[in-house]
Amino acid sequence: MTRPLRVLVVDDEPDIRELLVLTLGRMGLHVDAAATLGESVDRLAGAEYAFCLTDMRLPDGSGQELVEFCARHHPSMPIAVITAFGSVDAAVLALKSGAFDFVSKPLDLPALRRLVDQALRLARHGRDEGDGTRGRLLGESPPMQQVRQLVAKVARSQAPVFISGESGVGKELVARMIHEQGPRRGGPFVPVNCGAIPGELMEGEFFGHVKGSFTGAHADKEGLFQTANGGTLFLDEVAELPLPMQVKLLRVIQEKAVRAVGGREEVPVDVRILSATHKPLAALVDSGAFRQDLYYRINVIELRVPPLRERREDIPLLAGHILDRIAPDWGVERPTLSPSALDALAAYEFPGNVRELENILERAVALCDGHTITIEDLHLPRLAPGAGGSVVPTGHSTGAVAAPTAHAIAPAGATGGVPGSLVDYVENLERDAIMKALTETRWNKTQAAKRLGITFRALRYKLKKLGIDD
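For clarity, every value in this text was computed on a predicted model and none was experimentally measured.

Conventions adopted
- Residues numbered from 1 in each chain as written.
- Predicted model: local features only at pLDDT ≥ 70, side-chain atom pairs only at ≥ 80, totals over all residues.
- Heavy atoms only, no water.
- Helix = DSSP H or I, 4+ residues; strand = E, 2+ residues; numbered from the N terminus.
- Buried < 20%, exposed > 50% of the residue type's maximum accessible area, 1.4 Å probe, protein only.
- Salt bridge = Lys/Arg side-chain N within 4 Å of Asp/Glu carboxyl O.
- Axes fitted to C-alpha atoms, helices over the stretch in contact; angles between N-to-C directions.
- Parallel < 35°, antiparallel > 145°, perpendicular 65-115°, else oblique.
- Contact = heavy atoms within 4.5 Å.
- Nonpolar A, V, L, I, M, F, W, Y, C, P; charged D, E, K, R; others polar.
- Pairing = 2+ DSSP bridges.
- 1 Å grid on protein atoms, 1.4 Å probe; cavity = no way out; pocket = protein on both sides within 12 Å on 5 of 7 lines; lining within 4 Å.
- Points joined across faces, edges and corners; volume = space filled by probe spheres on them.
- Phe/Tyr/Trp six-rings, centres within 6.5 Å; stacked < 30°, edge-to-face > 60°.
- Lys NZ or Arg CZ within 6 Å of the ring centre and 35° of its normal.
- Core = buried A, V, L, I, M, F, W, Y, C linked by side-chain atoms within 4.5 Å.

**Student:** Looking at this structure, how should I read the overall build of the protein chain?
**Tutor:** Counting its secondary structure elements, the protein chain contains 19 helices and 16 strands. A total of 470 residues make up the protein chain; the buried ones form 44% of that total.

**Student:** In this structure, what is going on with the pattern of salt bridges? I would like to understand it.
**Tutor:** Opposite charge on two side chains permits pairing when their charged atoms draw close. In total, this model carries 24 salt bridges according to the counting rule given. Here E205 ties to K221 by a salt bridge, and the two come within 2.7 Å at their closest N and O atoms. Remark: K221 occurs in the loop between α8 (202–207) and α9 (224–227) and E205 occurs in helix α8; sequence separation between them is 16 residues. By relative accessible area, K221 is classed as partly exposed at 35%. E358 is the salt-bridge partner of R325, the closest N and O atoms lying 3.5 Å from each other. Of this pair, R325 sits in helix α13 (residues 315–330) while E358 sits in helix α15 (residues 353–367), and the two are 33 residues apart along the sequence. Note on R325: relative accessible area 39%, which makes it partly exposed. When its relative accessible area of 27% is taken as the criterion, E358 is described as partly exposed. A single salt-bridge network, built from bridges that share partners, covers R6, D32, E39 and R43.

**Student:** In this structure, what is going on with the packing of helix α18 (residues 445–452) against helix α19 (residues 456–466)? I would like to understand it.
**Tutor:** Think of two packed helices as two axes; the pair is described by the angle between the axes and how far apart they sit. Orientation of α18 relative to α19, taken along the N-to-C sense of each, is 95°, at an axis distance of 9 Å. Taken as axis vectors, α18 and α19 run roughly perpendicular relative to one another. Of α19, the residues touching α18 (which contributes K445, T446, A448, A449 and L452) are F456, L459 and L463. For the contact of α18 with α19, the residue count by class is six nonpolar, one polar and one charged.

**Student:** Before we go on, may I ask you to explain the sheet that holds strand β14 (residues 301–304) in this structure?
**Tutor:** In a beta sheet, neighbouring strands pair by backbone hydrogen bonds and run either parallel or antiparallel. Read from one edge to the other, the open sheet built from five strands follows the order β9-β10-β13-β8-β14, with strand pairing classed as parallel. For this open sheet the edge positions go to β9 (189–193) and β14, each flanked by a neighbour on one side alone. Adjacent strand axes in the sheet meet at a mean angle of 20°, parallel and antiparallel pairs treated alike. Pairing of β9 with strand β10 (residues 232–236), which is carried by five bridges, proceeds in the parallel orientation. Opposite P191, over in β10, you have F234 as the bridge partner.

**Student:** For this particular structure, what's the right way to read empty space enclosed by the protein?
**Tutor:** Scanning the model with the defined rule gives one cavity of 30 Å³ or more in all. Estimated volume of the largest cavity: approximately 40 Å³. In terms of lining residues, the largest cavity is bounded by A155, S157, Q158, I178, H179, G182, P183, R184, T232 and R272. Of the residues contributing to the lining of the largest cavity, the split by class is three nonpolar, five polar and two charged.

**Student:** In this structure, what is going on with the packing of aromatic side chains? I would like to understand it.
**Tutor:** Aromatic rings considered in pairs are described by the distance between their centres and by the relative angle of their planes. Taken as a whole and assessed by the stated rule, the structure comprises six aromatic pairs. Ring geometry for F189 and F234: centres 6.1 Å apart, planes at 25°, overall stacked. Residue F189 is found in strand β9, and its partner F234 is found in strand β10; the two are separated by 45 residues along the sequence. Of the two residues, F189 and F234, neither departs from the other in class, the shared state being buried. Note on F206 and F207: the rings are 6.2 Å apart at their centroids and 50° apart in plane angle, and the pair reads as tilted. Owing to a relative accessible area of 3%, F207 belongs among the buried residues under this scheme. Among the aromatic residues, those joined into a cluster by ring pairs are F206, F207 and F225. The lysine or arginine in question, K256, covers the ring of F102, its NZ or CZ lying 4.6 Å from the ring centre.

**Student:** Where do I start with the nonpolar core in this structure?
**Tutor:** Side chains that are nonpolar tend, in soluble globular proteins, to be buried together. Ranked by internal contacts, the top residues of the largest apolar core, which has 43 residues, are L66, I163, I178 and L303. Once residues lying within four places of it in the same chain are set aside, the contact partners of I163 are K171, V174, A175, I178, F234, S275, A276, T277, L303 and V305.

**Student:** Just checking my understanding: could you explain unusual backbone geometry for this structure?
**Tutor:** The linkage connecting K105 with the following residue, P106, adopts the cis geometry, with an omega of -5°. Of note, P106 is situated in the loop between β7 (101–104) and α5 (109–125). Here the phi dihedral of E237 falls at roughly 50°; this positive angle occurs in a residue that is not glycine. Mapped onto the secondary structure, E237 falls in the loop between β10 and α10 (243–255). Judged by its relative accessible area of 13%, E237 is buried.

Next up, the structure:
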């Protein structure tokens, strides 16, 4: 017969202590109780506990001191704190110090039971899983080893985490790993790009709406918070939230409840908030574009993901992993990178980071002849003279349909200027040329590629890129 897990509750008020012992005992737990900081330290020295719950105010000290003690001496044991209503600063400090989560007085017993259940899930499974980030957060450089260690650490709490880093470094991957390493792994992971939701629809998307609340609301709809209930909500590009929405988001985080647009009642939600942006959020706070109070609530713990140029020694490993994935998609033997190509990648600044490396290698696989990718196949951009530090392509020919010269861009009858999007214009020219070649060869792609003066692999790449049915 399995022995019940042992937990410790610490509170100097007899009535609260009795309520906690009764509530947790009904969950099938063996509950020990302590009334002071000193007594709790003695109990921790004499037994092994799966979880600890402590009030912040104790006769001989504070719950904060107990959190710090447990972080030093019992780091694998989740500890949660009970705070007075509205004591946001105390709760945030406890989370920063390593607390798993917090609950506020007056106690919401269903919310308390959910918290305890999540903490015990972590206690049961967390110790045996090892470093589950290694398989997906690739790289052995010191910066990446530090990221993996921090992911494993923050996954063990419910504290909001702010993931900072440039575009393309893999912030969403880090968020997913935090979710998958933590006690909410069995719940949903809901990512949302805050910059992709129109402002007038944002409140309904986040909090849901009831039927008839506005024109077009033909049925009740759950919002993103309700969808993520029991799991994690990842707010990507959180800096794009307009100020009115920031106020509403702050209230939901504090109250742990949402009210749908047109609804009358607030509905409790149990969601961990992870957020990210490539913008300097602290500077946006200083300029008034982002609320300081919201910044402190979502940035309890900051995790910075380094750009690729700060971990160049990881590029060969990343490139190999990417090529392993790309080759089956193209139906080709996995190519290798020549020494000069590897040197060029190692020297490149990668303003687009890992995402840009993926795009460069996908293009190289499509355009190269043979099974070795040369430096010429990479078509790396470089800084053009006088470019002001921006990266622009210079002088590499792709062997594909040639782009029109500048004087040929203006449409017939135009008095000056160029079309609004040069990229769209060039893609339309390529699409027309490819469709013409395919039609003339009765969709024989090998013959069409010869007519266009490109490789068969390059044609497949362009068909995929242009969205032409292959």
